[in-house]
Each structure stands twice: as C-alpha cells, then as structure tokens.
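Single-letter residue listing:
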Amino acid sequence: MSIHPAVLAATIPDSITFAIAAAISVIGALGVVLSRNPVHSALMLVMTLFGVAVLFVEENAQFLAAVQVIVYAGAIVVLFLFVIMLLGVDRREVTERDPLRGQRAVALLLGILGLVEVILLAGGKWPTGAHSAAGAINVTGRSNVALLGDAVFTTYLLPFEITSALLVIAVIGAVVLARRPRQAGDREQPQIGGGDIITADVLGPDSLIRPEIEEATGSSDVHEELDKSSFERSDP
Amino acid sequence: MKENPAALAPELALVVAAVVGAVASGWLPRRRQWAVRLLAAGACVGGLVATALAMLGPPERVFDGSYAIDPATNAARVVVLGAALVVIGLSAEPLRAHPHESEFYVLLLLASAGAIALVGADDLLTVFAAYLLASVPSYGLVGLLRDRTGSEASLKYYLLGALFGIVMLAGATVLVGLGATSSYPGLREALDSAPRAAVAFGAVCVTAGLLFKIGGVPAQFWVPDAVDGASVPAAAFVTTIPKIGGLGAAFRFFTEALPAGRVDWALLVAVTAACTMTLGNFAAFAQTRVKRLLAYSTIGQVGYLLMAVAVAGRNGLAQQALWYYLAAYTVTNLAAFAVVAELPAARTLSDYRGLAHHRPLLAGSLAVSLLGLVGTPPTALFVGKLEIFTAVIHGGYTWLAVLAILNTVASLYYYLRWLVPAFLHAPSPHPAVLSSGGTWSAATAYAAATATVILGVGAAAVLPLGAGHLLP
C-alpha cells in the first residue's frame, strides 16, 4: 500500500486538531440521533458538518471545507429546519415509535457493513486498479483551491456555464410549477401562498386535510376567471 | 483560440433568446406573449444561419477540447433547430394566451440547447451537464399545463430522470477515476489499460443515462405516460428533440471515449435496440389513444436508431445513416403530432373516422406521416431504413437487420388501425370532434408532411451532410 509521503507526515498539532474535530463530529452525530427535539437534531447536524469541515481543512481540502460549510451547514440544514418547522415540532410519535418495523436493527447492520467496507477499500486498490490520485494533487505546490479554480474556469468552463443555464431553468420551473393556479393570470404581482403556512402553524399539521385541498384546487378555475378579467382591465 | 464563444453561436443564440424571453415574460401581458414565440423562432432561424456558416469552416474543438464542432454537431444543430421551429409552429394555437405560453418557449429553447450540447460534448463532465440541461426543462414542459395527468407525467419523468442521472453520474465518476481525465481522447487512451470490469461498469452506467434520454429499453417507462399526459406541443417536443441529443451523444461516446475492443459495447447496444423496437412495436398494437400509440411508435423508432449506434465505427455508413434517419424521423413524427394538434378534440383512434371526408388534405398529411413512419417509399424514412439496414448488415449484425424488418412489417398493423377509419369509414355522427385547432397547426402539418417527401426524394443531396469524420 503506497500512500503518498505527504499524507503520512502527520505532526503533533495535526493529530490534536484531528482528535478535536473528530470528537466534535461524533458528538454532533450522536446528538442528531439521540435528541428528542427534531430542531435540536438539525442543529447538532450543523455541529457534525463543522467538525467534518475542520477535518477537510486538515487534509488540505480547503475548497471542500468551504463548500461543506456554505452548502450543507448553511443551506441544507436551514432547509431541514424549514421543513421541520412547517410540519410542526410537536410530533412526539416520530421519535417514540418505529414507522418501519426493524428499522433500527437494519440501520445498525448497514452502518457496520459500511464501516467494514470503508476499512477494506481504503487499504486496497482492486476496485480501480490504482491508488487514489489526491496525494499527487496536493504536492504540486499550488493549493487545491487554485487548481480547482483553474479547472473550472478553463478546462471545464463550458459545463460550468451550462450549469448557470440550469439555474435559470430552475427559477422558471419553480415559478411555473410551484405558483398557485389562481394566481396564474396575475403576472404583475406574484404572491407567495403564505396563508397556508400560517394555517398549518396555528392549527397543526393535520389542519390541511384532503377535502380542503381538493376544494382549493377545484375552485381554482373560478379564481383564474376573476384574475383574467381584472388583468384585462389593467392591460394598457 | 481555445475559448471561442463565436464557435458556439447557435447554442448561444438559443440560450440568450431564452433568457431574454424569460425576463420579458414577466412584463408581457397574457395576450401579447406571441412576442416570445417570435423571439424563439428568430433564435432558431439565426442558429440555422450560424450553423450553415459553421459548416463551411473546418471542424474544431473548442473550450479546451471539451466541445467538438464537427459534422455530427452541425447535423445535430440543423435537426434540433428545425425540430424546434416545427414545434413552435404546431404549438401556436394550443398555447395561445396560455398563462405559461412564454415559459413554454423559454424551456423549449433551453432544452434544445441542451440536446445540441449533448451531441457536441467531447468530455464526460460536459456530457453530464448537457444531460441536465436537456432533461430539466423537459420535466417542466411536460408538467406545464398543470392538470392532473400533466403533473403525474411530469413527476414520473422527473423521478426516472433523477434516478438515471445518478446512475450516469456514477458511471462517469468511475470512468474519470479510471482514466484520471474526463476528455474523450484522454479516456480512450487511458481506459485501454484499465480493468475491464470497471470500464464495463462505467460504460453501462453512462449508457443507462443516455437510454433514458432517448427512451430506450429499459428506461422507456416514462415515454407513454409523459407523452399521453403532456400537452400536444410538449409531447411532440419530448418524442423528438431529446432523442436527437441522446443518440448523438451515445454515438460519440462509444466511438470516441471507449477504446476499441476493450468492452463489447456494440453487443449491448444491439441487444438494447432489439428489445426496444420489439417492445415498442408490440405494445403499440393494443393502444386506442392516439398520443399513446405515437409514444409506443417512437419507442419502436428509437430501436431502429439504436441499430445505427450499434455498428458505430465499423463502417462509414453508420454515422450518415444515423443522422439522416434522425432528420427523417424528426420531421415525420412532428408531422403526425401536428395533425394531432390540429384536431384537439380527437383523442382516440375512432375519433378520426371519416377524416378524409371532412379534411382531405389533413388526412393526406396523416397518411404521409404514418406510412412514412413505417418506411414507405418515397418518404424519407424509407431511405433512412435502407441506409440503417445496409449499415447494420455490413457491420455484421444480420440477425438485428432481420428482426428490424420483421418489426417494420408488424408496425404497419397499428398505423393502419389509425388510417383505415380515417379514410374508409363513414364520417362520425359528431363532426365537432374533428373541429380545427387553427391555421398554424394545419399549416405545420402540411409543411412537415411535404418535407418528409422532399427529404425522401432529395436524399442523395442530404445524406452526405451527416457524414464526415468525428474529431478524434
């Protein structure tokens, strides 16, 4: 097994940083699983992600660390929190009862299997026939942030620009598909359907029962007709 | 010059028009959204002009070798832009003053740009970015009408697309890991010494993603639901433009990225082609709804097209056969969809009873397009089938050609199930079911049917346009 020398040269400060970051990650992960309150679970997840980000910096993967904090800790956990708060935090049954029978046992088994797999694969080269190429990237004398920037803005400029077109599509798609039908004719003043969020918050998650949804969508045609007429008036 | 945006003028025209259209749609009143339609058509025409200019110049690789502008890319530009124009033509009436009319054209332009980029991409990461650019707008297009079937179709399409996208990305990751590069020429060199099983895994996964784009077995489940659930313009789009991109990308991937003789991808594609055409044709037998029948018919056609990919690189015929067949299939299939768009109330085969009596010209267009899909001379697909079968037999897959001929004969049955009531049966007691959708869709149907015949008669002039070496 030939790991690049640069990877092996771990100093004592490195080890201390690793130990602290690893402990933070593990404590955070345990907190995610053991917290009774889903909001606390989500916040503990932020802690785990920060710990992993520190580990990335330790491994000279500064870009990955930044992405980890910005995307995962910043955006995705906030999304989790939004979902949890929209669904209501008082759903005690979620943590007290297994929705799927035998879920915990299977989760434990898969976790152990994954750990064994990582340990086995880290040492061998049979899956691809070659050792990881990361060691070589880190010893060219340039930070991997610079190398990534180079790659993204020269070699991979075209895919990068295509991705920016994808963002336009995502915005259009979100507007087209997520906007409520009764505001479809109302092109000037898009309104986000905030009324339902308030209803759900006050009355709990079960207040939006199916008949109401059916009724709301069923009556959308009437609203559309109204909007159409009001729209015609505002047409210069 | 390595980063030469001018080389991408047709794609840029589409993207810029899409962005301008998206911004303009926020201000345009509902009845004046035809401006965006005009803008979209203008972008397509401009793109075609730019492509004609690019065809005169030498082939080149731009953006650090990640994008090839060669005969295949130019052929894809012509076919995709032409198809987009036809789709815009047939969607003029069904979408007029629809709340999301502008968004339809914007998404159509972006998806077309994605389809072209799929063909031009000479790099695994570019291919995947193009896959997303071609797929994501399609999900929106299918669900644009926001009725129950449209939403269901969109969701199915999206979930399958996400699944196959992940599979494709996994395959690309394995190949990049093996070759330490993502560019096709580099991969071709590096994969020659890589473990065979890992190369095969990566190649199969990337193929799976491309099969989803073209609706080939085993990724064909979304086609009937998406086509039946979507509006007619979206269905016409989804059965043509993404397939052009996917097939072009598959052709380039197999011939340029995989080292010859390392993995037997040709057999994989041949078996896929056989399954696809057989399943599509036999499932079409029992259909009674016209859009569903056309959906299964497109699966059958994709099977024929995959045959050309299976013999890619074995002889010079395969490439020109693929591009000619794609052009012919696109215009013929769009002619059939234009007829469907012209008769919005007729949803089942029996609704077409007596069409020849009420609308002889339209019935004639339908006959040309459906018999064209079978491959009757003098339509374009006759020459296309001849070309593909020749290429396949020369490539050593005679059994595949025999199966394809049997399939072609069988497919005549379900096309006739549609045509016979239209021509021979007495007119329906409810003529309202054959009421006209509007002049634009009728004109599009006539024009596309005429183009099918012209393309067939003038095949000798058009065929060489799809030939020419791919860039290494």
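Look up a bit, the structure's there.
Presented here is an overview of the structure given in this document. (Residues numbered from 1 in each chain as written. Chains lettered and ligands numbered in written order. Predicted model: local features only at pLDDT ≥ 70, side-chain atom pairs only at ≥ 80, totals over all residues. Heavy atoms only, no water.)

### Things to note about the overall build of chain A
If you tally the helices and strands in chain A, you get 12 helices and zero strands. Overall, chain A shows an N-to-C arrangement of helices and strands of α-α-α-α-α-α-α-α-α-α-α-α. When burial is assessed residue by residue, chain A has 19% of its 236 residues classed as buried. A sequence separation of at least 24 residues applies to 57% of the contacts in chain A between residues at least 6 apart. With an accessible surface of roughly 16,300 Å², chain A has 70% of that area assigned to carbon and sulfur atoms. (Helix = DSSP H or I, 4+ residues; strand = E, 2+ residues; numbered from the N terminus. Buried < 20%, exposed > 50% of the residue type's maximum accessible area, 1.4 Å probe, protein only. Contact = heavy atoms within 4.5 Å. Areas by Shrake-Rupley, 256 points an atom, 1.4 Å probe, with all protein chains shown as cover.)

### Notes on a nonpolar patch on the surface
The grouping of Val78, Leu79, Phe82, Val83 and Leu87 of chain A at the surface amounts to a nonpolar patch, some 450 Å² of accessible area in total. Here leucine 79 of chain A is to be found in helix α4 (residues 62-87). (Patch = residues over 30% accessible without salt bridge, like charges linked within 9 Å, V, L, I, M, F, W, Y side chains within 5 Å. Salt bridge = Lys/Arg side-chain N within 4 Å of Asp/Glu carboxyl O.)

### Concerning the pattern of salt bridges
All names here are of chain B. In this structure the tally under the stated criterion is 10 salt bridges over all chains. For aspartate 70, the salt bridge is made with arginine 252, and the minimal N-O distance between the two is 2.9 Å. With aspartate 70 in the loop between β2 (67-69) and α3 (71-90) and arginine 252 in helix α11 (residues 241-257), this residue pair connects regions lying 182 residues apart in the sequence. No difference in accessibility class separates aspartate 70 from arginine 252, as the two residues are buried. Where salt bridges share partners, they join Glu152, Lys156, Asp225, Asp228, Arg289 and Arg292 into one cluster.

### Points about the packing of helix α12 (residues 265-284) of chain B against helix α18 (residues 398-423) of chain B
Residues and elements named next belong to chain B. α18 packs onto α12 with a crossing angle of 20° between their chain directions and a minimal axis gap of 9 Å. The angle between α12 and α18 falls in the class roughly parallel. At the point where α12 passes α18, the crossing takes the left-handed sense. Along the contact surface, α12 presents Ala270, Ala274, Met277, Thr278, Asn281, Phe282 and Ala284, while α18 presents Trp399, Leu400, Leu403, Ala404, Asn407, Ala410, Ser411, Tyr414 and Arg417. Of the residues contributing to the contact of α12 with α18, the split by class is 11 nonpolar, four polar and one charged. (Axes fitted to C-alpha atoms, helices over the stretch in contact; angles between N-to-C directions. Parallel < 35°, antiparallel > 145°, perpendicular 65-115°, else oblique. Left-handed = near helix turned anticlockwise from the far one by under 90°. Nonpolar A, V, L, I, M, F, W, Y, C, P; charged D, E, K, R; others polar.)

### Let's talk about the packing of aromatic side chains
To describe a pair of aromatic rings, one takes the distance between the centres and the angle between the planes. Residues and elements named next belong to chain B. All chains considered together, the criterion is met by 19 aromatic pairs over all chains. Taken together through their ring pairs, the aromatic side chains of Phe128, Tyr131, Tyr139, Tyr157, Tyr158, Phe164, Phe212 and Trp222 make up a single cluster. One residue, lysine 213, lies across the ring of tyrosine 131, its end atom 5.7 Å from the ring centre. (Phe/Tyr/Trp six-rings, centres within 6.5 Å; stacked < 30°, edge-to-face > 60°. Lys NZ or Arg CZ within 6 Å of the ring centre and 35° of its normal.)

### Structural notes on unusual backbone geometry
All names here are of chain B. Cis geometry marks the peptide bond from valine 217 to proline 218, where omega comes out at 5°. Its location among the elements puts proline 218 in the loop between α8 (196-214) and α9 (222-229). A positive phi angle, near 60°, is found at aspartate 64, a position not held by glycine. Within the element layout of this structure, aspartate 64 appears in the loop between β1 (60-62) and β2.

### Section: α18 of chain B
Three- or four-residue spacings in an α-helix give side chains the same orientation, since the helix completes a turn every 3.6 residues. The terminal C-alpha atoms of α18 of chain B lie 37 Å apart, and with 26 residues this matches the ideal 38 Å at 1.5 Å per residue to within 8%. When the local axis directions of α18 of chain B are compared, the greatest deviation, roughly 35°, occurs at leucine 416 of chain B. (Expected span 1.5 Å × (residues − 1). Bend = angle between axes of the 7 residues up to and from the residue.)

### Re the side chain of serine 297 of chain B
All names here are of chain B. Positionally, serine 297 belongs in helix α13 (residues 290-310). Serine 297 sits in the buried class, given a relative accessible area of 1%. There is a polar contact of 2.8 Å between the side chain of serine 297 and the side chain of tyrosine 415. With residues up to four places along the chain from it excluded, the contact list for serine 297 reads Leu373, Tyr414 and Tyr415. (Polar contact = N/O pair within 3.5 Å; in protein donor to acceptor, adjacent residues only side chain to side chain.)

### Some words on the packing of helix α5 (residues 124-142) of chain B against α8 of chain B
Any two packed helices are characterised by how steeply their axes cross, that is the angle between the axes, and by the distance between the axes. Residue and element names in this part refer to chain B. With their axes 11 Å apart at the nearest point, α5 and α8 run at an angle of 30° to one another. In terms of axis orientation, α5 runs roughly parallel to α8. Where α5 crosses over α8, the handedness of that crossing is left-handed. Contacts from Leu124, Tyr131, Ala134, Ser135 and Tyr139 in α5 reach Val206, Gly209, Phe212 and Lys213 in α8. Among the residues making up the contact of α5 with α8, the classes are represented as six nonpolar, two polar and one charged.

### Section: the nonpolar core
Ranked by internal contacts, the top residues of the largest apolar core, which has 185 residues, are Phe253, Met307, Tyr352 and Trp418 of chain B. It is helix α14 (residues 317-342) of chain B that contributes the most residues to this core, 19 residues altogether. Sequence-distant contacts of tryptophan 418 of chain B, that is, excluding residues within four places in its chain, are made with Val290, Leu293, Leu294, Val340, Leu349, Tyr352, Leu366 and Leu370 of chain B. Counting eight residues, the second largest nonpolar core, distinct from the first, contains Ala42, Leu49, Ala73 and Val77 of chain A. (Core = buried A, V, L, I, M, F, W, Y, C linked by side-chain atoms within 4.5 Å.)

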